[in-house]
Amino acid sequence: MQKNFIKFYMHLNLKKITFLLVFIFLWRNNYLFSYEDNFVQLRSEHFIVYYRQDVSQQHVSSIVDMLENFYRLITGEFNLVRDKLWLWENRTKVYIAKDKKDYLENFKCPFWSGACVDYKDRIIYTYPDQKNSSLIFAHELTHIIFREYIKDSPLPCWFEEGMATYIEHKSTLANQHFDLSSLKKMIQNKKHIKFDELMNISCQELYNLSESKINIFYLQSFSIINFLIKNYGKDNFTQLLFYLRSGLNFGEAFSKSFLSFRTLEELENKWKKYYTEN
Ligand SMILES: [Zn+2]
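Residues numbered from 1 in each chain as written. Predicted model: local features only at pLDDT ≥ 70, side-chain atom pairs only at ≥ 80, totals over all residues.

Brief notes about the overall build of the protein
Piece 1. On a plain count of helices and strands, the protein comes out with nine helices and seven strands.
Piece 2. A burial count over the protein gives 31% of its 278 residues as buried.
Piece 3. Sequence-distant contacts in the protein: of pairs separated by 6 or more residues, those separated by 24 or more amount to 70%. (Helix = DSSP H or I, 4+ residues; strand = E, 2+ residues; numbered from the N terminus. Buried ≥ 20, exposed ≤ 12 C-beta atoms within 10 Å, placed from the backbone. Contact = placed C-beta atoms within 7 Å.)

This is the structure in structure tokens:
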């Protein structure tokens, strides 16, 4: 199977919090099961899920329900109306291996990953029985939908990861995903990543950072998106995404959408103040 991986899901070993995932099985008559190339197929409105026969249909149906819910959450949250709808043969594909061994042998994903994604062709590869699969899907679907909306504009990595982690956070029970009190301590102890450094960390570089720095990177990326949306509203944020889609570079789009920040330093100072005083 030829694949063009751009990025891999990196966070599985990094999450500190265990989540209770509640899967509710809902049988839907409009899902169509069929067989193809050693995979069984389940089609929903926006997805085609290919899974090994050994994977239970109940598990697959719960995954499909989850995917459709996230699709609605992500597109609705940021008003991401795209040119080409995910319908018919343009649906996003998800492959579910029998188990981790099958996943590693057939999908050639990194051994430490719980899922990996071909962003270009919109295919997610994964395997069952992972305790944080809902986070994986929320995260990766955000990347896929967001990239499709923005197209090829170069963006700082923290911004893309911030969007994905923001949706992860929204999709978890009781919004307990990220520990903002540790962020407060980090800022007070000056252990956070300075914004001028943050702006220059590329997604490829994340592989070379220490685990603790990656954790800071994700927490901080999430916190900036959260800060912008909580303080300046979803409309400004949607406006920013629209400008990016129209071809403005990140700096131009940002300053046109958030007039309160004249410099990066000003953004950093207001962000610090928000998380240390609240
Ligand atoms: Zn990511």
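Quick notes on unusual backbone geometry
Piece 1. A positive phi is found at Arg 122, a non-glycine position, where the angle reads about 55°.
Piece 2. Arg 122 sits in the partly exposed class, given 19 other C-beta atoms within 10 Å.
Piece 3. In this model, Asp 129 sits at a positive phi of 60°, which is unusual for a non-glycine residue.

A few points about the nonpolar core
Piece 1. Counting 60 residues, the largest nonpolar core has Val 49, Val 60, Leu 67, Ile 96, Tyr 125 and Leu 141 as its most contacted members.
Piece 2. Apart from residues lying up to four places away in sequence, Val 60 is in contact with Leu 42, Val 49, Tyr 51, Val 55 and Ile 96. (Core = buried A, V, L, I, M, F, W, Y, C linked by C-beta atoms within 7 Å.)

Some thoughts on the confidence of the model for the protein
Piece 1. In the predicted model, the protein carries a mean pLDDT of 82, and 84% of its residues have values of at least 70.
Piece 2. For residues 1-35, every residue scores under 50 in pLDDT, and the model assigns this stretch 64 contacts once sequence neighbours within four places are set aside. (pLDDT = per-residue confidence, 0-100.)

Description of the pairing of strand S4 (residues 47-51)
Piece 1. Summarising burial for S4: four of the five residues are buried, a large majority.
Piece 2. Two elements, strand S3 (residues 39-43) and S4, share four bridges in a ladder whose sense is antiparallel. Bridge assignment links Leu 42 to a residue of S4, and that residue is Val 49.
Piece 3. Where S4 lies against strand S5 (residues 92-96), five bridges are found, and the strand directions are parallel. Across the sheet, Tyr 50 pairs through a bridge with Tyr 95, a residue of S5. (Pairing = 2+ DSSP bridges.)

A look at the environment of Phe 227
Piece 1. Within the secondary structure layout, Phe 227 lies in helix H7 (residues 211-245).
Piece 2. Its 19 C-beta neighbours within 10 Å are what place Phe 227 among the partly exposed residues.
Piece 3. Taking the C-alpha atoms as reference, Phe 227 lies 9.8 Å from Lys 272; in sequence the two are 45 residues apart.
Piece 4. Contacts of Phe 227, omitting those with residues within four sequence positions, involve Trp 271 and Tyr 274.

Overview of helix H3 (residues 133-150)
The periodicity of an α-helix, 3.6 residues per turn, causes residues three or four places apart in sequence to face the same way.
Piece 1. Taking 1.5 Å of rise per residue, 18 residues should cover 26 Å, and H3 covers 26 Å from first to last C-alpha, within 8% of that figure.
Piece 2. Judged by how many residues are buried, H3 sits mostly within the fold: 15 of 18 residues are covered. (Expected span 1.5 Å × (residues − 1).)

Brief notes about the pairing of strand S7 (residues 123-126)
Piece 1. Every second residue of S7 is oriented toward a common face, with Ile 123 and Tyr 125 on one face and Ile 124 and Thr 126 on the other, all of them buried.
Piece 2. Relative to S7, S5 runs parallel, the two being bridged by four bridges. Each residue of the ladder has a partner; that of Tyr 95, found in S7, is Tyr 125.
Piece 3. Taken together, the four bridges between strand S6 (residues 115-118) and S7 define a ladder with antiparallel strand orientation. Residue pairing for S7: Asp 118 is matched across the bridge by Ile 123.
Piece 4. Linking S6 back to S7 in an antiparallel pair, the connection comprises four residues, with Arg 122 at a positive phi of about 55°.

Here we look at the packing of helix H4 (residues 157-171) against H7
Piece 1. The N-to-C vectors of H4 and H7 enclose an angle of 80°; their axes lie 7 Å apart at closest approach. The pairing of H4 with H7 is recorded here as roughly perpendicular in orientation. Residue-level contacts link Trp 158, Glu 161, Gly 162, Met 163, Thr 165, Tyr 166 and His 169 of H4 to Phe 217, Tyr 218, Gln 220, Ser 221, Phe 222, Ile 224, Ile 225 and Asn 226 of H7.
Piece 2. Residues of the contact of H4 with H7, tallied by class, amount to eight nonpolar, six polar and one charged. (Axes fitted to C-alpha atoms, helices over the stretch in contact; angles between N-to-C directions. Parallel < 35°, antiparallel > 145°, perpendicular 65-115°, else oblique. Nonpolar A, V, L, I, M, F, W, Y, C, P; charged D, E, K, R; others polar.)

Quick look at H7
Piece 1. With 35 residues, H7 ought to run about 51 Å at 1.5 Å a step, yet its terminal C-alpha atoms sit only 32 Å apart, falling short of that.
Piece 2. Bending of H7 peaks at approximately 120° at the position of Gly 233.
Piece 3. Phi turns positive, to about 110°, at Gly 247, one or two residues after H7. (Bend = angle between axes of the 7 residues up to and from the residue.)

Let's talk about the environment of Asp 196
Piece 1. Structurally, Asp 196 can be placed in helix H6 (residues 195-198).
Piece 2. A count of 10 C-beta atoms within 10 Å places Asp 196 in the exposed class.
Piece 3. A C-alpha to C-alpha distance of 9.3 Å links Asp 196 and Glu 268, two positions 72 residues apart in sequence.

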